[in-house]
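# An overview of the molecular structure
What follows is each chain in one-letter form.
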There are 2 protein chains.
Amino acid sequence: MPRQLHLNAFLMNTGHHEASWRLPESDPYAHVELDHYVRLAQVAERGTFDSLFLADGPQLWGTLAQRPAGALEPLTLLTALATATEHIGLIATASTSYNSPYNLARKFASLDIISGGRAGWNIVTTAGAEAARNFGLDAEPAHAERYARAAEFLDVALKLWDSWEDDAIVGDKAAGVWGDDAKIHPPRHKGAYFSVEGALNVPRSPQGYPLLVQAGSSEDGRAFAARYAEAVFTAQQTLPDAQAFYADLKSRTAAAGRDPGHIKVLPGIVPVIGSTEAEARANEQALEDHIVYTHGVDRLERLLQLPEGSLELDGELPTDLPPEDAIEGAKSRYTLVVELARRERLTVRQLIGRLGGGRGHLTFAGTPEQVADAIEEWFTQGAADGFNIMPAVLPSGLETFVEQVVPILRARGLLRTEYGSRQTLRERYGLPRPANQYSTQEPALV
Amino acid sequence: MPRQLHLNAFLMNTGHHEASWRLPESDPYAHVELDHYVRLAQVAERGTFDSLFLADGPQLWGTLAQRPAGALEPLTLLTALATATEHIGLIATASTSYNSPYNLARKFASLDIISGGRAGWNIVTTAGAEAARNFGLDAEPAHAERYARAAEFLDVALKLWDSWEDDAIVGDKAAGVWGDDAKIHPPRHKGAYFSVEGALNVPRSPQGYPLLVQAGSSEDGRAFAARYAEAVFTAQQTLPDAQAFYADLKSRTAAAGRDPGHIKVLPGIVPVIGSTEAEARANEQALEDHIVYTHGVDRLERLLQLPEGSLELDGELPTDLPPEDAIEGAKSRYTLVVELARRERLTVRQLIGRLGGGRGHLTFAGTPEQVADAIEEWFTQGAADGFNIMPAVLPSGLETFVEQVVPILRARGLLRTEYGSRQTLRERYGLPRPANQYSTQEPALV
């Protein structure tokens with residue numbers, strides 16, 4: 001079969017554009033209502049997407065005045081969506097800094113069982129002091145320390161997910177023997193961050209463990225992805241940058257001893273679709289017209305770690321910003337924003353307009369054909385294995401994409417036309433089911 | 001309206017009898033399959049039960065050989081059941097010793113929103129060293145310390161659930177103002193066990209917060225229940241004991257300054273139903289015949305904190321057992337089991353047979369009329385506000401109860417005949433929606 005796109009629907013509020021909630025069509029309460037997400041999930045399934053994705057951070061971010069705040073907890077929401085869908089993958093963000101491995105491994109195993117093998121985990125280390133202060137810390141741990149903890153967290157989680165061999169349940173009623181204790185492998189882990197003694201209290205799940213997804217593009221983030229990730233979400237503004245990132249990540253993955261085909265690179269794209277190019281641009285402008293720029297300044301100062309009031313709306317960014325090395329927060333996002341502003345010599349106002357749609361992800365306004373062309377170009381030119389689709393307005397933006405862009409991608413042979421038989425998320429991504437590290441059996445053929 | 005029963009379906013594996021999985025009708029994999037629980041939930045809804053309940057502990061308990069081990073994580077499973085049901089409450093067990101308040105408060109708020117106000121939290125402190133060792137500790141914290149942490153956990157969680165006033169969302173599209181930051185109240189909590197600075201990142205949920213349930217009947221447990229609990233699950237073997245517990249808990253609740261009508265006492269009952277008394281006893285015997293007694297000895301030694309090999313199957317319990325005060329694990333269960341054995345002069349074998357069905361809860365074998373009589377007696381004689389129904393075999397035991405006992409209870413006016421309009425779980429229990437501790441508004445009339 002020719003190589004095909006992997007499409008992920010990144011669901012966020014009433015859309016990825018910060019002003020989307022102000023459009024007449026939008027419901028300001030939608031982002032905390034189940035029905036909104038059920039509708040989105042079902043639209044994505046009509047479009048034969050591989051997966052749904054929810055971002056997350058364990059803190060109330062920014063102010064309520066600015067835009068919809070708060071979010072249903074992703075594992076909870078995706079579990080509810082598991083029973084409202086049949087085929088689509090369910091990728092939840094969860095933090096390695098503010099969870100314990102035993103609880104989190106168990107929740108993902110439970111979701112994987114409940115969904116018939118459709119769970120994915122977007123592994124994040126969580127930037128920001130606000131989150132840290134909700135979990136007993138005074139300040140956020142240093143970037144390198146967060147990643148060291150994340151690596152140990154993964155090692156423990158993998159031990160827990162493998163702590164039951166696949167055939168540990170025997171179910172011998174006549175003999176009164178339910179399971180084989182020789183096939184249980186307690187981690188007995190003692191490390192720098194975690195001590196976890198016992199086996200998980202859930203059997204090994206359909207996928208073995210959830211699809212492992214990662215989204216940080218810093219040096220630490222790429223090293224982590226090369227070692228563990230099976231899919232990577234990334235923000236890239238230009239084809240050459242995306243090609244460089246793609247090549248770098250594939251070669252790092254090979255250098256880590258893994259098959260580079262077993263890591264899927266999915267850049268984010270914010271499609272703004274119109275029946276003509278002019279209509280698409282007008283749709284984009286209508287969103288920009290609803291931006292409250294003073295709020296954008298607040299957020300930009302926070303991202304760049306500048307004191308309040310230091311940015312001028314019609315000036316450029318200061319020239320003396322610190323290098324990425326000095327940033328302990330979201331490193332790669334910082335660099336992307338600063339480089340975008342400098343490359344295009346944007347004023348703060350223009351930068352906020354550009355970021356309003358996708359927070360650093362590529363915004364592409366055009367006709368359905370043009371959007372399909374852009375997707376095909378990145379996909380065939382070594383920049384992407386698929387895309388993280390981030391509609392500016394939800395649900396309408398996802399509906400338009402599925403009704404108008406998906407048929408073009410299918411006609412070009414770039415996207416499946418139907419799901420066919422039930423598959424796990426990992427099977428949809430063309431990845432093998434992981435062998436159990438403790439198993440004495442031969443691994444199953446893929 | 002006359003006082004009516006509150007019925008809770010306590011779902012566990014293929015039934016509460018430890019040997020239930022060995023019956024010909026039972027599926028040894030059922031306890032980790034969604035369909036099993038969907039079926040049970042729908043049966044309970046046909047029986048107009050108030051709620052479903054899942055017990056839990058974050059450890060793999062005992063050995064696999066003995067009986068079905070492991071369990072889907074309750075919050076995850078009940079979230080999946082939320083979309084498969086319409087009216088029934090969803091009570092999940094979660095530990096205050098091995099969770100952080102921010103994450104857990106958020107998950108319950110999310111489930112409460114997703115289910116339209118049907119979430120309940122069975123608050124446990126989690127006994128046992130096995131659990132402690134899965135969370136970085138060498139041994140379990142002392143009983144009193146676990147309860148001190150639980151009380152602080154509750155205080156923090158209540159602050160988090162109230163951190164959004166009910167009307168914090170404004171949704172003023174024209175002005176570009178989504179919410180009112182003056183109606184957000186960060187806890188800024190600094191205590192002995194927790195420091196939690198920021199507001200929750202979920203709006204206040206339909207019930208304000210989940211129904212608070214508690215199940216420990218020790219001195220510490222009762223004091224905790226009197227202060228916080230709205231429903232209490234309890235194991236009682238005799239009517240006088242149940243009446244004494246009921247009266248004690250109501251008076252403690254009043255002494256804590258709360259309305260004693262606002263705490264519902266629900267003893268557990270394991271109904272074993274037959275069309276005649278003889279058939280019911282035969283059904284009970286068929287289960288006992290499947291008990292593997294050597295396994296029962298293991299578990300009893302563990303509960304009583306005795307060295308392996310210290311119990312004789314055909315002897316009585318040792319006379320020199322330590323008093324409850326010396327037990328750091330499940331205190332009230334310890335006392336109940338020891339008193340049961342001594343009161344009825346049971347051998348270890350007989351005790352295991354009695355415990356096999358309900359782990360200390362009342363097992364009642366009889367015709368549907370006799371089961372209904374027992375329920376009515378306890379309900380009308382000051383021993384219960386309802387029952388925690390714990391079928392020995394699932395799903396058949398729940399189906400039989402709903403088909404044969406529920407119609408009798410309805411005919412006697414003791415149980416609702418239909419749900420009627422949608423209500424929150426707290427409304428079903430006849431409890432007021434809690435006011436927001438930070439709100440400057442008048443509380444809504446109930």
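By the naming in an unreviewed UniProt entry, chain A goes by LLM class flavin-dependent oxidoreductase and is assigned to Streptomyces guryensis. Under the Sequence similarities (unreviewed entry) heading, UniProt states for chain A: "Belongs to the NtaA/SnaA/DszA monooxygenase family."

Within chain A, the secondary structure is distributed over 14 helices and 13 strands. Expected size for 446 residues packed as a compact globule is a radius of gyration near 22 Å; at 22 Å, chain A falls within 12% of this value. Based on the C-alpha atoms only, the size of chain A along its principal axes is roughly 75 × 50 × 45 Å. Counting across all 446 residues of chain A, residues that qualify as buried make up 61%. Taken as a whole, chain A presents about 16,200 Å² of accessible surface, with 50% of it coming from carbon and sulfur. Once the 41 positive and 58 negative side-chain charges of chain A are each reduced to a mean point, those two points are 3 Å apart.

Another point: the interface of chain A and chain B. Interface size is commonly expressed as the accessible surface area that is lost when the partners come together. Across the contact, 77 residues belong to chain A and 77 residues belong to chain B. It is L64, K173 and W178 of chain A in chain A that bury the most area against chain B; as a group they hold 14% of the surface buried on that side. Joining chain A to chain B, the criterion identifies four salt bridges. A salt bridge links R106 of chain B to D56 of chain A; the shortest N-O distance between them is 2.7 Å. Among the secondary structure elements, those contributing two or more residues to the side of chain A that touches chain B are α2 (74-82), α3 (101-114), β5 (169-172), β6 (177-179) and β8 (195-196) of chain A. Ranked by residues supplied to the side of chain A that touches chain B, first place goes to α3 of chain A with eight residues. Of the residues belonging to the side of chain A that touches chain B, the class tally is 40 nonpolar, 23 polar and 14 charged.

The next thing to look at is the pairing of strand β4 (residues 119-124) of chain B. The side chains of a regular strand alternate between both faces of the sheet. Residue and element names in this part refer to chain B. The element β4 is extensively covered by neighbouring structure, given that six of its six residues are classed as buried. Both faces of β4 are covered, namely the face carrying A119, W121 and I123 and the face carrying G120, N122 and V124. As defined by bridge partners, strand β3 (residues 89-95) adjoins β4 across six bridges and the pair is classed as parallel. Bridge assignment links A94 to a residue of β4, and that residue is I123. Running through helix α3 (residues 101-114), the crossover from β3 to the neighbouring parallel element β4 is right-handed. Relative to strand β9 (residues 211-214), β4 runs parallel, the two being bridged by four bridges. Within β9, the residue paired with N122 across the bridge is V213.

For the rest of this paragraph, the subject is the relation of the copies chain A and chain B. Superposition record for chain A on chain B: RMSD 0.0 Å, screw rotation 180 degrees, translation along axis 0.0 Å. Classification of the inter-copy transformation places it as that of a two-fold axis. Proximity to the rotation axis, assessed at the C-alpha, singles out A80 of chain A in chain A; its C-alpha lies 2.5 Å from the axis. Looking at the interface residues of chain A, 100% of them are also at the interface in chain B, so both copies use one shared face.

This part takes up the side chain of E45 of chain A. Residues and elements named next belong to chain A. Residue position: E45 is located in helix α1 (residues 34-46). The buried charged residue E45 lacks any salt bridge, with R118 as its nearest oppositely charged partner at 4.4 Å. At 3.0 Å, the side chain of E45 forms a polar contact with the backbone nitrogen of I88. What E45 contacts, discounting residues up to four positions off in sequence, is T85, E86, H87, I88, R118 and Y419.

All right, on to the pattern of salt bridges then. All names here are of chain B. Enumeration over the complete set of coordinates arrives at 56 salt bridges over all chains. Between R433 and D166 there is a salt bridge, with the nearest N and O atoms lying 2.9 Å from each other. Placement of R433 in the segment after α14 (425-428) and of D166 in the loop between α5 (143-161) and β5 (169-172) is noted, with a sequence separation of 267 residues between them. For R433, a relative accessible area of 37% gives the class partly exposed.

Moving on, we come to the packing of helix α12 (residues 368-380) of chain B against helix α13 (residues 396-411) of chain B. Residues and elements named next belong to chain B. The interhelical angle for the contact between α12 and α13, taken along N-to-C directions, is 55 degrees, at an axis separation of 9 Å. Classified by the interaxial angle, the pair formed by α12 and α13 is oblique. For the pair α12 and α13, the sense of crossing is right-handed. Along its contact with α12, which presents P368, E369, V371, A372 and I375, the element α13 presents F401, Q404, V405, I408 and L409. For the contact of α12 with α13, the class distribution of residues is eight nonpolar, one polar and one charged.

Let's shift gears to the pairing of strand β2 (residues 51-54) of chain A. All names here are of chain A. Residues S51 and F53 point to one face of β2 and L52 and L54 to the other, with burial holding for every one of them. By the bridge criterion, three bridges tie strand β1 (residues 6-10) to β2 in an arrangement that is parallel. Its bridge partner being in β2, N8 is matched across the sheet by S51. Note that the unit made of β1, α1 and β2 has a crossover that is right-handed. The pairing of β2 with strand β3 (residues 89-95) spans four bridges and is classified as parallel. Opposite S51, over in β3, you have G89 as the bridge partner. The handedness of the β2 to β3 crossover, carried by α2, is right-handed.

Here we take up the environment of G120 of chain A. Residue and element names in this part refer to chain A. Along the polypeptide, G120 turns up in strand β4 (residues 119-124). When the C-alpha atoms of G120 and H262 are compared, they prove to be 15 Å apart, with 142 residues separating the residues in sequence. Excluding anything up to four places from it in sequence, G120 contacts L90, I91, A92, F108, P210, L211 and L425.

Residues and elements named next belong to chain A. By the secondary structure assignment, G360 is in the loop between α11 (348-358) and β12 (362-366). It is 11 Å that separates the C-alpha atoms of G360 and L300, two residues lying 60 residues apart in sequence. Contacts of G360, omitting those with residues within four sequence positions, involve A235, Q237, L336 and L355.

Before going further, it helps to spend a moment on the packing of helix α5 (residues 143-161) of chain A against helix α6 (residues 219-228) of chain A. Residues and elements named next belong to chain A. Two numbers describe how α5 lies on α6: the axes approach to 10 Å, and their chain directions differ by 10 degrees. One finds that α5 runs roughly parallel with respect to α6. For the pair α5 and α6, contact is made by H143, A144, Y147, A150, A151, L154, D155 and L158 and by D220, G221, F224, R227 and Y228, respectively. Here the residues of the contact of α5 with α6 sort into eight nonpolar, two polar and three charged.

The UniProt record annotates "binding site: FMN" (unreviewed entry) at D56, T93, H143, Y147, S217 and S218 of chain A. Its location among the elements puts D56 of chain A in the loop between β2 and α2. In this structure D56 of chain A touches P74 and T93 of chain A together with R106 of chain B, once residues within four positions along its chain are discounted. Side chain to side chain, D56 of chain A and R106 of chain B meet in a polar contact 2.7 Å long. Looking at where H143 of chain A falls in the secondary structure, it is placed in helix α5.

Rules used throughout
- Residues numbered from 1 in each chain as written.
- Chains lettered and ligands numbered in written order.
- Predicted model: local features only at pLDDT ≥ 70, side-chain atom pairs only at ≥ 80, totals over all residues.
- Heavy atoms only, no water.
- UniProt positions renumbered as here; feature names shortened; annotations may be inferred.
- Helix = DSSP H or I, 4+ residues; strand = E, 2+ residues; numbered from the N terminus.
- Rg over C-alpha atoms; globule rule 2.2 N^0.38 Å.
- Buried < 20%, exposed > 50% of the residue type's maximum accessible area, 1.4 Å probe, protein only.
- Areas by Shrake-Rupley, 256 points an atom, 1.4 Å probe, with all protein chains shown as cover.
- Lys, Arg positive; Asp, Glu negative; His and termini not counted.
- Charge placed at Lys NZ, Arg CZ, Asp CG, Glu CD.
- Contact = heavy atoms within 4.5 Å.
- Buried area = accessible area lost by both parts, 1.4 Å probe.
- Salt bridge = Lys/Arg side-chain N within 4 Å of Asp/Glu carboxyl O.
- Nonpolar A, V, L, I, M, F, W, Y, C, P; charged D, E, K, R; others polar.
- Pairing = 2+ DSSP bridges.
- Right-handed = clockwise from strand over helix to strand, strands pointing away.
- Least-squares fit on C-alpha atoms with pLDDT ≥ 70 in both.
- Polar contact = N/O pair within 3.5 Å; in protein donor to acceptor, adjacent residues only side chain to side chain.
- Axes fitted to C-alpha atoms, helices over the stretch in contact; angles between N-to-C directions.
- Parallel < 35°, antiparallel > 145°, perpendicular 65-115°, else oblique.
- Left-handed = near helix turned anticlockwise from the far one by under 90°.

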